[in-house]
Amino acid sequence: QMYSWAIEEEIVKRRDNPASNLQRGLPKKKRGERVLSLDEARMVWKAAESAGYAFGTHAQLMLLTACRSAEWAYARRAWIDLNEALVVIPSSSYKSDHVHVVPLVPQAAEILRSIPKGRIGDYLLSSTAGEKPIQGISKFFRTRLPAEILALYGNSFSSPFTSHDLRRTVATHLAESLGDQGDKLVKRVLGHSDGSVTAIYNRYAYVKEMRAALESWARDLTA
């Protein structure tokens, strides 16, 4: 776990985990199952707004795009095309080693336009003027965000949640609204790997449909 964290934070140069084989024989991890209700997601949205830049912004962008936590944590200005309302994550920075394109709903574009100017580095979400990406996201979800929820609503959630739970929440609500026919579209939004030849040459497919689904979700979330 320590090596995995160091690799993710780019503290070490090597990209493989030399301790990975030590996991053999250990008890299997429980798969996360936390899905926030729509009311809970709305509470997180307002609490994240109250927390502000950069950690609150990170949580809000996750809720609007279903991207992975690290994708927004390490997002660069060059990934954002506000004219086309897209975030284009290059293959070198994507978990499945392929380009991932996600539509930006109007609320996400507005948030990105509000990011403080006069930055030195290229990272969008940073406490060091863009020179380094934000760190301590898990701590924010463990302490600061629940405190914001408590301050705003006078009560806290019955069980804790993580940044990945937001991604699972968006996927679940999209699936519920789209029905059985929406499975492929949800996978597109999540960027699950598709190694087919068609997928390689069809990187921008379904953007229109993805945008419509995410815009419908964003309207429910921010209502």
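Shown above is the structure to which this text applies.
Treat the numbers as computed from the prediction; the structure is a model and nothing was measured. (Residues numbered from 1 in each chain as written. Predicted model: local features only at pLDDT ≥ 70, side-chain atom pairs only at ≥ 80, totals over all residues. Heavy atoms only, no water.)

(A) Helix H6 (residues 137-153), seen in detail. Compared with the 24 Å implied by 1.5 Å per residue over 17 residues, the 22 Å span of H6 between its first and last C-alpha is a close match. The sharpest bend along H6 reaches about 30 degrees and sits at Arg144, with the proline Pro146 one to four residues further on. Within the sequence span of H6, burial applies to Ile137, Phe140, Phe141, Leu145, Glu148 and Ile149. Positive backbone phi, at 80 degrees, marks Gly154, one or two positions downstream of H6. (Helix = DSSP H or I, 4+ residues; strand = E, 2+ residues; numbered from the N terminus. Expected span 1.5 Å × (residues − 1). Bend = angle between axes of the 7 residues up to and from the residue. Buried < 20%, exposed > 50% of the residue type's maximum accessible area, 1.4 Å probe, protein only.)

(B) Representation of the environment of Glu40. Relative to the helices and strands, Glu40 is located in helix H2 (residues 38-51). With 109 residues separating them in the primary sequence, Glu40 and Ile149 have C-alpha atoms 9.6 Å apart.

(C) Quick look at the environment of Met62. Positionally, Met62 belongs in helix H3 (residues 55-65). The spatial distance from the C-alpha of Met62 to the C-alpha of Asp165 is 10.0 Å, given a sequence separation of 103 residues. Once residues lying within four places of it in the same chain are set aside, the contact partners of Met62 are Cys67, Arg68, Ser69, Trp72, Ser163, Leu166, Arg167 and Val170. (Contact = heavy atoms within 4.5 Å.)

(D) The packing of aromatic side chains, seen in detail. Going through the model one piece at a time under the given rule, you end up with 5 aromatic pairs. Their ring planes at 85 degrees and their centres at 5.7 Å tell us that Phe140 and Phe141 sit as a pair that is edge-to-face. Each of the two residues, Phe140 as well as Phe141, counts as buried. Measuring from centroid to centroid gives 6.0 Å for Phe141 and Phe161, while their planes differ by 85 degrees, and the two rings are edge-to-face. Of this pair, Phe141 sits in helix H6 while Phe161 sits in the loop between H6 and helix H7 (163-178), and the two are 20 residues apart along the sequence. Residue Phe141 shares its accessibility class with Phe161, and that shared class is buried. Among the aromatic residues, those joined into a ring-pair cluster are Phe55, Phe140, Phe141, Phe157 and Phe161. It is Arg76 that lies over the ring of Tyr123; its NZ or CZ is 3.9 Å from the centre. (Phe/Tyr/Trp six-rings, centres within 6.5 Å; stacked < 30°, edge-to-face > 60°. Lys NZ or Arg CZ within 6 Å of the ring centre and 35° of its normal.)

These figures capture arrangement, not role.
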